[in-house]
Amino acid sequence: MRKTVAVIMAGGRGKRMDILCHVRPKPGLPFAGRFKVIDFTLSNCVYSGINDLAILTDYHRSYMAKYLKKWGLSSSGKTFHILEPKSGSYKGTADAVFQNLPYLNKLNTENVLILAGDHIYKMDYNKILAFHEQTKAAVTIGVTKVPIKDVHRFGTVALGGGNEVLDFVEKSRNTRSNLASMGIYVFNRDVLAQRLQEDAIQPESPHDFGYAILPGMLGRDKVNAYEFTGYWQDIGTPEAYYAANMELVCAPPPFNLDGTQPVLTRRLNLPPPNISQEAVVVNSLVSPGCVIKGYVENSILSPGVWVDTQAEVWNSVLMSNTFIGYHSVVDTCIIDEEVNVGKLCYIGFGKSLLSRDCDITVLGKGVTVPSHTVIGRDSRVLPHADKSSFRGNPIGPSPILSQRGIVQKSWVNKEVQRNERKGVHVT
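On a predicted model such as this, the values are computed, not experimentally measured, just so you know. (Residues numbered from 1 in each chain as written. Predicted model: local features only at pLDDT ≥ 70, side-chain atom pairs only at ≥ 80, totals over all residues. Heavy atoms only, no water.)

**Student:** Honestly, the overall build of the protein in this entry has me stumped. Any pointers?
**Tutor:** Helix and strand counts for the protein stand at eleven helices and 32 strands. Across the 427 residues in the protein, those meeting the buried criterion constitute 57%. The long-range fraction of contacts in the protein, counting pairs at least 24 apart against all pairs at least 6 apart in sequence, stands at 62%. (Helix = DSSP H or I, 4+ residues; strand = E, 2+ residues; numbered from the N terminus. Buried < 20%, exposed > 50% of the residue type's maximum accessible area, 1.4 Å probe, protein only. Contact = heavy atoms within 4.5 Å.)

Structure (structure tokens):
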């Protein structure tokens, strides 16, 4: 096949992710404990044998650059460049690539593989590249089927005979197609450069692939779709992010994080998790550097999480260096990095006032929750909120915890708990 350069879009703001992306770009979100979201796209490139990578950063660009330098791509024989906007921010995804055309033009490449850096999937890109060359398309769009109720979250395509794209609609509730764009595009380099240059001089253009470039190519260039049938998730909202994490503790999980082609990530110089004799961990992913003295079930713990004595974590995602204090309960939550939950707290108590599929409580990065605090279900706490933010909220924990009945139930039979430890999943 012709030489290919991969361009990874790693600067997304992730507006729909709410407070989870206040402090980082969406591709930098932790996922499945010890990984970042962008690890999946980078791993796919490595296993697909793509040696030239351009990683486009923008929002919180220093965060992304710092992480990528830890990844060790250079030592793996890959040529990669972290490319930032010339000034300010990119106007859109198309403008991001347009500003970096000089870099692409210096490479001896005929195909440009444009990839979103914020999706969860394993894919051999050689298959879509081979399909693109066989069909002699100007651009090939990677697509996958999604539930009809979710089509408004994606660009969708309608196909004619074969794999020809007849229509492309970005994030519309009026589409009848459930073939969603994966944010994967294979372009002939010369065609890409020409279409981007034409778009750049249009003052009213959103300078975006989904809203401008791809719809404008229909009827003018050969636009094909390649359908991917494996697991793929766009974690575009806290609910989708939570659900994708929780799928990994289902039996069986939708895909294997390890196996013959494990998801690659930066090296962690941390000890194995320390699970004390009195602790219980059931059906959970526990990362290196964690200390567990309490009860953890159906949860995902990133490196450095501490669950103190008689604390309980249920159905939750806990990011790095979070501390859950003595006798506290965390239920159906996303807890961001460096959160400190005091003793005798209940995070995620009760039910939401609104009817939702998944009532998740989210605590932003660096929150300090004072002891004896109850935070209700479906709540949001802004990053770096300190004890003063909870004035008037702390209440006595005993009546709340006794209503739930979890604490008493979990510590009744130590022998049963020791037997249950056989279900621990350590990653």
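**Student:** What is the right way to look at the sheet that holds strand β24 (residues 329-331) in this model?
**Tutor:** Two pairing modes exist for strands in a sheet, parallel and antiparallel, and in both the strands are linked by backbone hydrogen bonds. Taken in spatial order, the six strands make up an open sheet running β15-β18-β21-β24-β27-β30, and their pairing is parallel. The open sheet terminates on both sides in strands that have one partner only, identified here as β15 (280-282) and β30 (374-376). Between one strand axis and the next, the sheet turns through 10° on average, direction left out of account. (Pairing = 2+ DSSP bridges. Axes fitted to C-alpha atoms, helices over the stretch in contact; angles between N-to-C directions.)

**Student:** I'm lost on helix α6 (residues 189-200) in this one. Help?
**Tutor:** Here α6 contains twelve residues, and its C-alpha end-to-end distance of 16 Å stays within 8% of the 16 Å for a straight helix at 1.5 Å per residue. Those residues of α6 lying buried are Arg189, Val191, Leu192, Ala193, Arg195, Leu196 and Asp199. Those residues of α6 hidden inside the fold are in contact with α3 (93-99), α4 (101-106), β6 (111-116), β11 (179-188) and α7 (209-217). (Expected span 1.5 Å × (residues − 1).)

**Student:** Would you explain the pattern of salt bridges in this entry?
**Tutor:** Close approach of charged atoms allows side chains of opposite charge to pair. Taken as a whole and judged by the stated rule, the model has 20 salt bridges. With a shortest N-O distance of 3.7 Å, glutamate 337 and lysine 36 are connected by a salt bridge. Taken together, the residues glutamate 337 in the loop between β25 (333-335) and β26 (340-341) and lysine 36 in strand β3 (residues 35-36) connect sequence positions 301 residues apart. Among the salt bridges present, the one from aspartate 190 reaches arginine 189, with a minimum N-O distance of 3.8 Å. Among the residues examined, aspartate 190 registers a relative accessible area of 58% and is labelled exposed. (Salt bridge = Lys/Arg side-chain N within 4 Å of Asp/Glu carboxyl O.)

**Student:** Is there a simple way to explain unusual backbone geometry in this structure?
**Tutor:** For residues other than glycine, phi is negative in most cases, and the peptide bonds are mostly trans. Across the junction of alanine 251 and proline 252, the peptide omega takes the value -5°, indicating a cis bond. Along the chain, the position of proline 252 falls in the loop between α8 (238-246) and β14 (274-275). Although it is not a glycine, histidine 327 adopts a positive phi angle of roughly 60°. Structurally, histidine 327 can be placed in the loop between β23 (323-324) and β24. Even without a glycine there, the phi angle at glutamate 338 is positive, about 60°. By relative accessible area, glutamate 338 is classed as partly exposed at 44%.

**Student:** I would appreciate a short explanation of the sheet that holds strand β20 (residues 306-307) in the present structure.
**Tutor:** Within the open sheet, the six strands sit side by side as β14-β17-β20-β23-β26-β29. Their pairing is parallel. Edge positions in the sheet fall to β14 and β29 (368-369), since each of these pairs with one other strand and no more. Strand direction decides the pairing type here: β23 and β26, joined by two bridges, are parallel. Bridge pairing links isoleucine 324 to valine 341 in β26.

**Student:** How should I be thinking about the packing of α6 against α7 in this particular structure?
**Tutor:** Between two packed helices, both the angle of their axes relative to each other and the distance between the axes serve to describe the pair. Where α6 meets α7, the closest approach of the two axes is 11 Å, and the angle between their N-to-C directions is 115°. Relative to α7, the crossing made by α6 is right-handed. Along the contact surface, α6 presents Val191, Leu192, Arg195, Leu196 and Asp199, while α7 presents Phe209, Ala212, Ile213 and Met217. Looking at side-chain class alone, the contact of α6 with α7 contains seven nonpolar, no polar and two charged residues. (Left-handed = near helix turned anticlockwise from the far one by under 90°. Nonpolar A, V, L, I, M, F, W, Y, C, P; charged D, E, K, R; others polar.)

**Student:** Mind showing me how you'd approach the nonpolar core here?
**Tutor:** Nonpolar side chains tend to gather and get buried jointly when the protein is soluble and globular. Judged by nonpolar contacts, the single largest core of 36 residues is most densely connected at Val7, Leu56, Val97, Ile114, Ile141, Phe187 and Phe209. In this structure leucine 56 touches Val7, Ile8, Met9, Ala10, Gly11, Leu83, Tyr90, Ala96, Val97 and Asn100, once residues within four positions along its chain are discounted. (Core = buried A, V, L, I, M, F, W, Y, C linked by side-chain atoms within 4.5 Å.)

**Student:** Before we go on, may I ask you to explain the packing of aromatic side chains in this structure?
**Tutor:** How two aromatic rings sit relative to each other is set out by the distance from centre to centre and by the angle between their planes. Enumeration over the complete set of coordinates arrives at 15 aromatic pairs. Taking the centre distance of 5.7 Å and the plane angle of 55° together, the rings of phenylalanine 154 and tryptophan 232 count as tilted. Taken together, the residues phenylalanine 154 in the loop between β8 (139-145) and β9 (155-159) and tryptophan 232 in strand β13 (residues 232-234) connect sequence positions 78 residues apart. Each of the two residues, phenylalanine 154 as well as tryptophan 232, counts as buried. Aromatic ring contacts, followed pair by pair, group Phe31, Phe35, Phe40, Tyr231, Tyr241 and Phe255 into a single cluster. (Phe/Tyr/Trp six-rings, centres within 6.5 Å; stacked < 30°, edge-to-face > 60°.)

**Student:** Explain the packing of helix α1 (residues 38-47) against helix α2 (residues 61-71) here, please?
**Tutor:** Where α1 contacts α2, the axes come no closer than 12 Å and their chain directions differ by 40°. Compared by their axis directions, α1 and α2 come out oblique. The element α1 and its partner α2 pack so that their crossing is right-handed. Mapping the contact onto sequence places Ile38, Asp39, Leu42, Ser43 and Val46 in α1 and Met64, Tyr67, Leu68 and Trp71 in α2. When the residues that make up the contact of α1 with α2 are grouped by side-chain class, the tally is seven nonpolar, one polar and one charged. (Parallel < 35°, antiparallel > 145°, perpendicular 65-115°, else oblique.)

By themselves, these observations are geometric and do not establish any function.
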